[in-house]
Amino acid sequence: MPAGQQVEIQVRSTEKEQVVDVTNEVEHHLSRLGLDNGAVMVYCPHTTASVAVNESADPDVGADISRGLAAMVPKLSFRHAEGNSPAHLRAALMGPSVVLPVKEGKLKLGTWQGVYFCEFDGPRERHLWLFALQGL
Amino acid sequence: MPAGQQVEIQVRSTEKEQVVDVTNEVEHHLSRLGLDNGAVMVYCPHTTASVAVNESADPDVGADISRGLAAMVPKLSFRHAEGNSPAHLRAALMGPSVVLPVKEGKLKLGTWQGVYFCEFDGPRERHLWLFALQGL
Amino acid sequence: MPAGQQVEIQVRSTEKEQVVDVTNEVEHHLSRLGLDNGAVMVYCPHTTASVAVNESADPDVGADISRGLAAMVPKLSFRHAEGNSPAHLRAALMGPSVVLPVKEGKLKLGTWQGVYFCEFDGPRERHLWLFALQGL
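Anyway, here's the lowdown on the structure attached to this text. (Residues numbered from 1 in each chain as written. Chains lettered and ligands numbered in written order. Predicted model: local features only at pLDDT ≥ 70, side-chain atom pairs only at ≥ 80, totals over all residues.)

**With respect to the relation of the copies chain A and chain B**
The two chain copies are connected by a rotation around an axis plus a translation along it. Relative to chain B, chain A is turned by 120° and slid 0.0 Å along the rotation axis, the superposed coordinates differing by an RMSD of 0.0 Å. Put plainly, the chains are arranged around a three-fold axis. Among all residues of chain A, the minimum C-alpha distance to the rotation axis is found for Gln134 of chain A, at 3.3 Å. Looking at chain A, a mere 18% of its interface residues are interface residues in chain B too, so the copies touch through different faces. (Least-squares fit on C-alpha atoms with pLDDT ≥ 70 in both. Contact = placed C-beta atoms within 7 Å.)

**Section: the packing of helix H3 (residues 85-94) of chain B against helix H2 (residues 59-72) of chain C**
As a packed pair, H3 of chain B and H2 of chain C sit with axes 9 Å apart at the nearest point and diverge in direction by 70°. Judged by the inter-axis angle, H3 of chain B sits roughly perpendicular to H2 of chain C. Along the contact surface, H3 of chain B presents Ser85, His88, Leu89 and Ala92 of chain B, while H2 of chain C presents Val61, Asp64, Ile65 and Gly68 of chain C. Here the residues of the contact of H3 of chain B with H2 of chain C are counted per class, giving four nonpolar, three polar and one charged. (Axes fitted to C-alpha atoms, helices over the stretch in contact; angles between N-to-C directions. Helix = DSSP H or I, 4+ residues; strand = E, 2+ residues; numbered from the N terminus. Parallel < 35°, antiparallel > 145°, perpendicular 65-115°, else oblique. Nonpolar A, V, L, I, M, F, W, Y, C, P; charged D, E, K, R; others polar.)

**Considering unusual backbone geometry**
Both trends apply: most residues other than glycine have a negative phi, and most peptide bonds are in trans. Cis geometry is adopted by the peptide bond preceding Pro123 of chain A, which originates at Gly122 of chain A and carries an omega value of -5°. Residue placement: Pro123 of chain A occurs in the loop between strand E7 (113-119) and strand E8 (125-134). The phi dihedral of Glu104 of chain B is positive, around 50°, even though this residue is not glycine. Here Glu104 of chain B falls in the exposed class, since 9 other C-beta atoms lie within 10 Å of it. (Buried ≥ 20, exposed ≤ 12 C-beta atoms within 10 Å, placed from the backbone.)

**Quick word on the sheet that holds strand E3 (residues 38-43) of chain A**
All names here are of chain A. Across the sheet, which stays open at both edges, the five strands sit in the order E1-E8-E3-E5-E6 with antiparallel pairing between neighbours. If you trace the sheet from one side to the other, it starts and ends with strand E1 (7-12) and strand E6 (106-107), each paired once. Relative to E6, strand E5 (residues 97-103) runs antiparallel, the two being bridged by two bridges. Bridging across to E6, Val102 finds its partner in Leu107. (Pairing = 2+ DSSP bridges.)

**Quick notes on the interface of chain A and chain C**
A common measure of how large an interface is: the accessible area buried when the components associate. Counting residues at the interface gives 34 residues for chain A and 33 residues for chain C. The greatest single-element share of the side of chain A that touches chain C, amounting to nine residues, is contributed by helix H2 (residues 59-72) of chain A. For the side of chain A that touches chain C, the residue count by class is 17 nonpolar, nine polar and eight charged.

Take a look at the structure:
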């Protein structure tokens, strides 16, 4: 792969608000980056979605996070005419990316951690980008 | 520029709580880092301000995010004597930095994404630091 | 130290919800990474804890952030059987890591900034990992 080429992952959300476990996709495509030691940035190029890291063993955790974030949005009269400011707010809060350790070419997460794509304004066809960051 | 030298951007906030679109400033100063492929870290060295990524096409989105974050601060009797714990809380929540993809020397954001400086305790003269992180 | 070897820091939380200032530990162990210029990723491998950056001069700020985050958790009937979804939610919100500038082998934070370990489901024995990311 040419230097500086990013890898793109497709994610299809099926609900308005949803988290989707993408750990396996990230691990699968990581090898295409050719990174030995350092970090992979999982970057979400959307403004009403994000990425997160949390427990993926019990899918109820992801569902609770999705419902919890929705319930945290304050009841305001937002100005943005498209009406999806609650989704923009959550995306800004969660941040556009997570940066994850890579060791000997493999994702090095904590025992219970997985990577979640977080949809706040679906259902939609979405993308995530992977970029290699060099370690020492 | 000497290796490891960071670039500093000045931002002037004019309100107590405000988001300021700094996408053009980040793009403009990025070239001074001499980075070809990798990521730029936009780092906020303050404890009552932060950076965020979200839609910058409609300025109402930024204003909604600023008002939304303010409304999420719980009504507690905070201990910190300076009285600005609501600003510290939001800065901690949003995080001190965003890490953004750079490809062929250019910022590579999603179509609708821009970079916001988020003021939680203004108006003040503020700074953001840019650091290059090497890709592959 | 072999390339790609991360440094591990131990943190002992003594309360259910608590922030612990780990700035000195991060600075102390940073030299073991052998990084001259770039960034250090402070990574939390747990799913009910996180890391944050904020004012560390007045310990009341950290306590206010801890209490503020707890009060932001919505009163929902969460599904996850272990009953600690409020902790998972906060960990997801705060993110698994902070990426901090390093210049000439030293942590380069803002004047008032320190690094906090954030416990949401303690007391426990916890760990943080440090990884070097190369700058230019």
